[in-house]
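Remarks on the overall topology
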Amino acid sequence: MTDDVHKKAALVTGASSGIGEAAVRALASGGWTVFAVARRADRLEALAAETGATAIPADISADDDVSRLLSQVTEAGGIDTLVNIAGGARGADRIADASTEDWDWMYRVNVLGTMKLTRAFLPMLRAHGEGTVLNLTSTAGLAAYEGGGGYNAAKYAQRAMTEALRLEEAEHNIRVIEVAPGLVHTEEFALNRLGNRQAADKVYQGVEKPLTAGDVADVVRYAVSAPHHVNLDQIVIRPVAQASNYKLIRKG
């Protein structure tokens, strides 16, 4: 693999839907070599056929899958950019009614999954000399809210891990970027969290222009495509209608 190509090779997790899928499209359209990773093989294969990305079905929270993923990417020429997008929320219970199963899932996917994949690929990124790690967190990791305790906890932890990684890897010339979106209207996020379509639709009701997955993917592409010495440490992206976690303009 030539230096030119190698400098434009990324692994994107959460690639079977939403922001992860949009990020694969955005990077592939810009000439990047992209490894698309998610659990749902059928959706990955369709995305790969459309974009030219390499589909690798894997569960990033499973150690064996992470080892296999590292081997496949190494054999295919490696990457210089790791884009950790896989994650999500489950439930909107107050802490008094918290579901241990939901909290366990959110911590395992958002925090441990990101850690395991980053840990596995750090030697490769260090060896490259100009590696990049981008972690997709959330504004839920910036300010807590009622009914969000589990997701807040997971995203606060992911943000803290991102900040620690930036400090630890600066000496290896690895830039560490955090993108923290607010309200994004995707096909699955609210549905997976709340469990039914009616409740999911209410999340966006009356909001004229929530963010789209493509909006966030464009920011991801820009951040990882900037000259390597430019580090966008933390990017908070919200729709104009969402002035903060606590102020959302709804009409009608």
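Residues numbered from 1 in each chain as written. Predicted model: local features only at pLDDT ≥ 70, side-chain atom pairs only at ≥ 80, totals over all residues. Heavy atoms only, no water.

According to the stated counting rule, one finds 13 salt bridges in the structure shown. For Arg25, the salt bridge identified is with Glu50, shortest N-O distance 2.3 Å. You can see Arg25 sitting in helix α2 (residues 18-29) and its partner Glu50 sitting in helix α3 (residues 41-51), a full 25 residues away along the chain. The salt bridge partner of Glu163 is Arg159, with a shortest N-O separation of 3.4 Å. Here Glu163 and its partner Arg159 are both found in helix α6 (residues 149-169), four residues apart, which amounts to about one turn of the helix. Looking at Glu163, the relative accessible area reads 35%, which means it is partly exposed. When salt bridges that share partners are traced, they join Glu21, Arg25, Arg43 and Glu50 into one network. (Salt bridge = Lys/Arg side-chain N within 4 Å of Asp/Glu carboxyl O. Helix = DSSP H or I, 4+ residues; strand = E, 2+ residues; numbered from the N terminus. Buried < 20%, exposed > 50% of the residue type's maximum accessible area, 1.4 Å probe, protein only.)

With respect to topology, seven strands assemble into an open sheet ordered β3-β2-β1-β4-β5-β6-β9, the strand pairing being parallel. In the strand order of this sheet, the two ends are held by β3 (54-57) and β9 (234-237), each with one partner. On average, adjacent strands in this sheet sit at an angle of 15 degrees to one another, irrespective of strand direction. Bridging between strand β1 (residues 9-13) and strand β2 (residues 33-38) involves five bridges; their strand directions are parallel. Bridging from a neighbouring strand, Val12 pairs with Ala36 of β2. Helix α5 (residues 100-128) contacts β1, β4 (81-84) and β5 (132-136) of the sheet and is inclined by roughly 175 degrees relative to β4. Strand contacts of helix α9 (residues 213-225): β4, β5, β6 (175-181) and β9, with the helix running at about 165 degrees to β6, the strand carrying the most contacts. (Pairing = 2+ DSSP bridges. Axes fitted to C-alpha atoms, helices over the stretch in contact; angles between N-to-C directions. Contact = heavy atoms within 4.5 Å.)

Put simply, α2 and α9 touch, their axes get as near as 8 Å, and they point 50 degrees apart. Considered as vectors, α2 and α9 are oriented oblique to each other. Read as a crossing pair, α2 and α9 show a hand that is right-handed. Judged by residue contacts, Gly18, Ile19, Ala22, Ala23, Ala26, Leu27 and Ser29 of α2 engage Ala213, Gly214, Val216, Ala217, Arg221 and Val224 from α9. Class assignment of the residues belonging to the contact of α2 with α9 gives a composition of nine nonpolar, three polar and one charged. (Parallel < 35°, antiparallel > 145°, perpendicular 65-115°, else oblique. Left-handed = near helix turned anticlockwise from the far one by under 90°. Nonpolar A, V, L, I, M, F, W, Y, C, P; charged D, E, K, R; others polar.)

The interhelical angle for the contact between α2 and α3, taken along N-to-C directions, is 20 degrees, at an axis separation of 10 Å. Considering the angle they form, α2 stands roughly parallel to α3. The handedness of the crossing between α2 and α3 comes out as right-handed. Contacts between α2 and α3 pair Glu21, Val24, Arg25 and Ala28 from the former with Arg43, Leu47, Glu50 and Thr51 from the latter. Of the residues contributing to the contact of α2 with α3, the split by class is three nonpolar, one polar and four charged.

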